[in-house]
Amino acid sequence: MKLAAAIVLALGATTAHAQSNVAIYGIVDAAIVGERGGSAGNLTKVTSGAGSASRLGFRGTEDLGGGMSAFFTLEAGTKIDTGEIDAAGTIFNRQAFVGLKSDLGSVALGRQYTPYHTTLVNIVDPFSTGYAGTSKNLFPDSGTNVRTSNTISYASPRVNGVDGELSYSAGEQADIRAGRQFGGAIGYAAGRLSVRLAYNSKNSDVAASGSTPAVDRTLGRNTLLGANYNFGWIKVHAGYGIDKGYNAAPLGNSNNPYGGVKPTASTDGRDYLLGFSMPAGTGTVLGSVMHKDDRTSFNQDANAWGIGYLHPLSKRTSLYAAYAHIRNKNGAGYTVANNTESGTGNTGYNLGMRHTF
């Protein structure tokens, strides 16, 4: 696997040198992370990608003529604290797709982000799902809610401020319905206002195989409405989510982080977020408050808040600090996460550095 990775990276570097329309890019992000309040006790560690997941990627386009072009992206996640690939047994685990683009939109095939996740990152969350204040603390943004394999996607051009996207991910099982996932989003952007509505549906059934019987589960469905408005001196963010069905809102840390009776992932919940990003000198202050309304009989609600500051040292390099706290109710098990970790307690902080290239 290491040899294969080295060969692929070497070939990518050769191509980038030979063709001007292929680029190598990446993010190098590392932070001191503190976690408090869980049964594991107080933890202080060095973490890769607390603000933005560290990565190395290749992307390129080719003009095919007639207004059509081909494009691709290959993106690998890395751990800066240890130098490892961040998902064992993979190379381009973050993104891996190829597609065609024209005036009618773009179509891509491969491993890609879901419309739900891109709405959360680009519209709803002032932390862009990173740092201790991430919306991942309460919103269901993990696993296949973030990205899916075996995916066909379509993104429309923006017309009069309106654009849309669709995605379909094949489960690739004997039963065509088992394991499949589909979603979409439609948005409007004009001037200082951006609004987007996203939907995600995933089938967690398992098709029968040999003597192993089929497993049937309810569909997991997520609906997310988000908006932001830039007043100039402050940008206000808002989001409202509806999560229903099996695995619609998996807990970020499912290992019973607080001990006692294990918390139960909600199968009927509502998510609320109100946040802001505001210039402060040369830097930016971020903040948000969130509420999880669990409408099951467990009534495991939670409230969370987060604050952060991003300080640029240059166009590509910045320092950051972030802090967040969660108040769980009735045995709820939500933990303060960051971009790459689910967290172990109800309080957390990050002190880090981020460089892009």
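Residues numbered from 1 in each chain as written. Predicted model: local features only at pLDDT ≥ 70, side-chain atom pairs only at ≥ 80, totals over all residues. Heavy atoms only, no water.

Trainee: Residues and numbers for the overall build of the protein, please.
Mentor: In terms of regular secondary structure, the protein is built from two helices and 17 strands. By the compact-globule yardstick of 21 Å for 357 residues, the protein fits well, its C-alpha radius of gyration being 21 Å. Counting only C-alpha atoms and orienting by the principal axes, one finds that the protein spans roughly 60 × 60 × 50 Å. Going through the 357 residues of the protein one by one, you find that 45% of them count as buried. Accessible area of the protein: about 17100 Å², with a carbon and sulfur share of 59%. Counting 30 positive and 24 negative side-chain charges, the protein places the averaged centre of each group 4 Å from the other. (Helix = DSSP H or I, 4+ residues; strand = E, 2+ residues; numbered from the N terminus. Rg over C-alpha atoms; globule rule 2.2 N^0.38 Å. Buried < 20%, exposed > 50% of the residue type's maximum accessible area, 1.4 Å probe, protein only. Areas by Shrake-Rupley, 256 points an atom, 1.4 Å probe, with all protein chains shown as cover. Lys, Arg positive; Asp, Glu negative; His and termini not counted. Charge placed at Lys NZ, Arg CZ, Asp CG, Glu CD.)

Trainee: Help me get a handle on the nonpolar core, residues and values and all.
Mentor: Core analysis: the largest hydrophobic core is formed by 26 residues, its most contacted members being Phe139 and Tyr334. Sorting the residues of this core by element identifies β1 (22-36), α2 (115-124), β14 (283-294), β15 (302-312) and β16 (317-328) as the ones contributing at least two each. Residues contacting Tyr334, with those up to four places away along its chain left out, are Asn137, Leu138, Leu251, Tyr258, Ser266, Lys292, Gln300, Ala302, Ile326 and Asn328. (Core = buried A, V, L, I, M, F, W, Y, C linked by side-chain atoms within 4.5 Å. Contact = heavy atoms within 4.5 Å.)

Trainee: So what's going on with the confidence of the model for the protein? Residues and values would help.
Mentor: In the predicted model, the protein carries a mean pLDDT of 93, and the fraction of residues at 70 or more is 94%. Segment residues 1-19: pLDDT under 50, and twelve contacts once partners within four positions in sequence are set aside and those in other chains are kept. (pLDDT = per-residue confidence, 0-100.)

Trainee: So what about the pattern of salt bridges? Which residues, and what values?
Mentor: According to the stated counting rule, one finds twelve salt bridges in the structure shown. Arg177 is the partner of Asp175 in a salt bridge, and the nearest nitrogen-oxygen pair spans 3.4 Å. For Asp175, a relative accessible area of 29% corresponds to the partly exposed category. Note that Arg270 is salt-bridged to Asp268, the shortest N-O span being 3.0 Å. This pair shows no difference in class: Arg270 is buried, exactly as Asp268 is. (Salt bridge = Lys/Arg side-chain N within 4 Å of Asp/Glu carboxyl O.)

Trainee: Tell me what's going on with the packing of aromatic side chains, and back it up with residues and numbers.
Mentor: Remark: the centre distance and the inter-plane angle together describe each pair of aromatic rings, the angle taken between the planes. Throughout the structure, instances matching the rule amount to seven aromatic pairs. The interplanar angle of 75 degrees and the centroid separation of 6.2 Å between the aromatic rings of Phe71 and Phe97 together place this pair among those described as edge-to-face. Placement of Phe71 in strand β4 (residues 68-77) and of Phe97 in strand β5 (residues 95-102) is noted, with a sequence separation of 26 residues between them. Phe97 matches Phe71 in its accessibility class, with the two residues each being buried. (Phe/Tyr/Trp six-rings, centres within 6.5 Å; stacked < 30°, edge-to-face > 60°.)

Trainee: I'd like a rundown of the side chain of Asp271, residues and numbers included.
Mentor: Relative to the helices and strands, Asp271 resides in strand β13 (residues 268-280). Since its relative accessible area comes to 0%, Asp271 is described here as buried.

Trainee: Run through unusual backbone geometry, naming residues and quoting values.
Mentor: For residues other than glycine, phi is negative in most cases, and the peptide bonds are mostly trans. Phi is positive for Tyr131, which is not a glycine, with a value near 65 degrees. Structurally, Tyr131 is set in the loop between α2 and β7 (147-155). Phi at Asn247 takes a positive value of approximately 60 degrees, unusual for a residue other than glycine. Owing to a relative accessible area of 33%, Asn247 belongs among the partly exposed residues under this scheme.

Trainee: Would you mind going over the environment of Gly51 in detail, with residue names and values included?
Mentor: The residue Gly51 is located in the loop between β2 (43-48) and β3 (55-65) in this model. Overall, the relative accessible area of 3% leaves Gly51 in the buried class. In this structure, the C-alpha to C-alpha distance between Gly51 and Ala324, residues 273 residues apart in sequence, is 13 Å. Once residues lying within four places of it in the same chain are set aside, the contact partners of Gly51 are Asp29, Gly130, Tyr131, Tyr320 and Asn339.

Trainee: Quick one: what's the story with the environment of His311, residue by residue and with numbers?
Mentor: You can see His311 is positioned in strand β15. Judged by relative accessible area, which is 26%, His311 ranks as partly exposed. For the pair His311 and Ala321, spaced ten residues apart in sequence, the C-alpha separation works out to 8.7 Å. Of the polar contacts made by the side chain of His311, one reaches the side chain of Tyr309; its length is 3.1 Å. (Polar contact = N/O pair within 3.5 Å; in protein donor to acceptor, adjacent residues only side chain to side chain.)

Trainee: Mind laying out the pairing of β2, listing which residues take part and the relevant values?
Mentor: As paired elements, β1 and β2 share six bridges and run antiparallel to each other. Across the sheet, residue Ile32 finds its bridge partner in β2, namely Val46. From the end of β1 to the start of β2, which pair antiparallel, there are six residues, and Gly37 there has a positive phi angle of about 100 degrees. (Pairing = 2+ DSSP bridges.)

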